[in-house]
Amino acid sequence: TKRSKYFNPRKMKEESIRFPFLVLVVGFLSFYQSLNFSVLGVKPNLSLAILIAASFFIQDFLECFLLIVFSAFLLKFSTGFPKEILFLTVIAAGLFFLKKYLPWDALLNNVFLVFIGTLLFYLMLSRDLILKALFFEEALLNLALGALFFAFLSFMWENKGFGPKI
């Protein structure tokens, strides 16, 4: 029997696992953030950090958009639509496109985008807080968590058969 050049069982397995895994990880961290998770009194933006890290492992904007909307829903599942959720949605979607134009390797691009995302979030939300210690503490925590999330997803992709190396 001759196999079709379009049929690749390994690729089908990778594709069927990849997106649901990202949904689980993004969902867990977004839900955890909604419970007011903090480290030494600083509340990191877990959703922003994981959405940026996850964007390096998907190519399709529709998948990215679904992850962003799912995260937004988990962060605020009551009535109304607060501006913070809108800012998160716009920033995460914009950074998905920006990542293609950055010159460094993927980990450094991820860290850079987490910082830019945190800065933009504060610029949109409250410019007065940017020069305060809170911004720098949260930015540092977001950078560390963003790098950790990226390393975790890289490990899963490269060593657990979730997809090709990035």
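Above this note sits the structure.
These lines cover the structure that appears in this document, whether it is placed above or below.

What counts, and at which threshold
- Residues numbered from 1 in each chain as written.
- Predicted model: local features only at pLDDT ≥ 70, side-chain atom pairs only at ≥ 80, totals over all residues.
- Heavy atoms only, no water.
- Helix = DSSP H or I, 4+ residues; strand = E, 2+ residues; numbered from the N terminus.
- Buried < 20%, exposed > 50% of the residue type's maximum accessible area, 1.4 Å probe, protein only.
- Areas by Shrake-Rupley, 256 points an atom, 1.4 Å probe, with all protein chains shown as cover.
- Phe/Tyr/Trp six-rings, centres within 6.5 Å; stacked < 30°, edge-to-face > 60°.
- Lys NZ or Arg CZ within 6 Å of the ring centre and 35° of its normal.
- Core = buried A, V, L, I, M, F, W, Y, C linked by side-chain atoms within 4.5 Å.
- Contact = heavy atoms within 4.5 Å.
- Expected span 1.5 Å × (residues − 1).
- Salt bridge = Lys/Arg side-chain N within 4 Å of Asp/Glu carboxyl O.

Below, the discussion takes up the overall build of the chain. On a plain count of helices and strands, the chain comes out with six helices and zero strands. Of the regular secondary structure in the chain, the N- to C-terminal order runs α-α-α-α-α-α. The proportion of buried residues among the 166 residues of the chain is 43%. When the accessible surface of the chain is split by element, carbon and sulfur atoms take 68% of a total near 9,700 Å².

Inspection of every chain in the model, using the stated rule, returns 15 aromatic pairs. Its guanidinium or amino end placed over the ring of Phe56, Lys99 lies 5.7 Å from that ring's centre, counting from NZ or CZ.

Counting residues in hydrophobic clusters, the biggest one holds 42 residues, and the most contacted among them are Leu67, Phe149 and Leu153. Breaking this core down by element, the ones donating at least two residues are helix H1 (9-34), helix H2 (46-55), helix H3 (61-75), helix H4 (83-98), helix H5 (106-125) and helix H6 (133-159). In this view, Leu153 contacts Phe21, Leu22, Ile50, Ala53, Ala54 and Phe57; residues no more than four positions away in its chain are not counted.

Let us now look at H5. Over its 20 residues, H5 extends 28 Å from the first C-alpha to the last, a length consistent with the 28 Å expected when each residue adds 1.5 Å. Every buried residue of H5 is accounted for by Asn109, Asn110, Leu113, Val114, Gly117, Thr118, Phe121 and Tyr122. Of the surrounding secondary structure, the elements contacted by the buried residues of H5 are H2, H4 and H6.

Turning next to the pattern of salt bridges. Following the criterion strictly, the structure yields one salt bridge and no others. Of the charged contacts, one joins Arg18 and Glu63 as a salt bridge, the two residues approaching to 2.9 Å between their closest N and O atoms. Pair noted here: Arg18 is in helix H1 and Glu63 is in helix H3, with a separation of 45 residues, a long-range link. Taking relative accessible area as the criterion, Arg18 reaches 9% and is therefore assigned buried. Glu63 sits in the buried class, given a relative accessible area of 16%.

Our next topic: the environment of Gln59. Among the structural elements, Gln59 can be located in the loop between H2 and H3. In the structure, Gln59 is positioned 37 residues away from Phe96 in sequence and 9.1 Å away in space, judged by C-alpha atoms.

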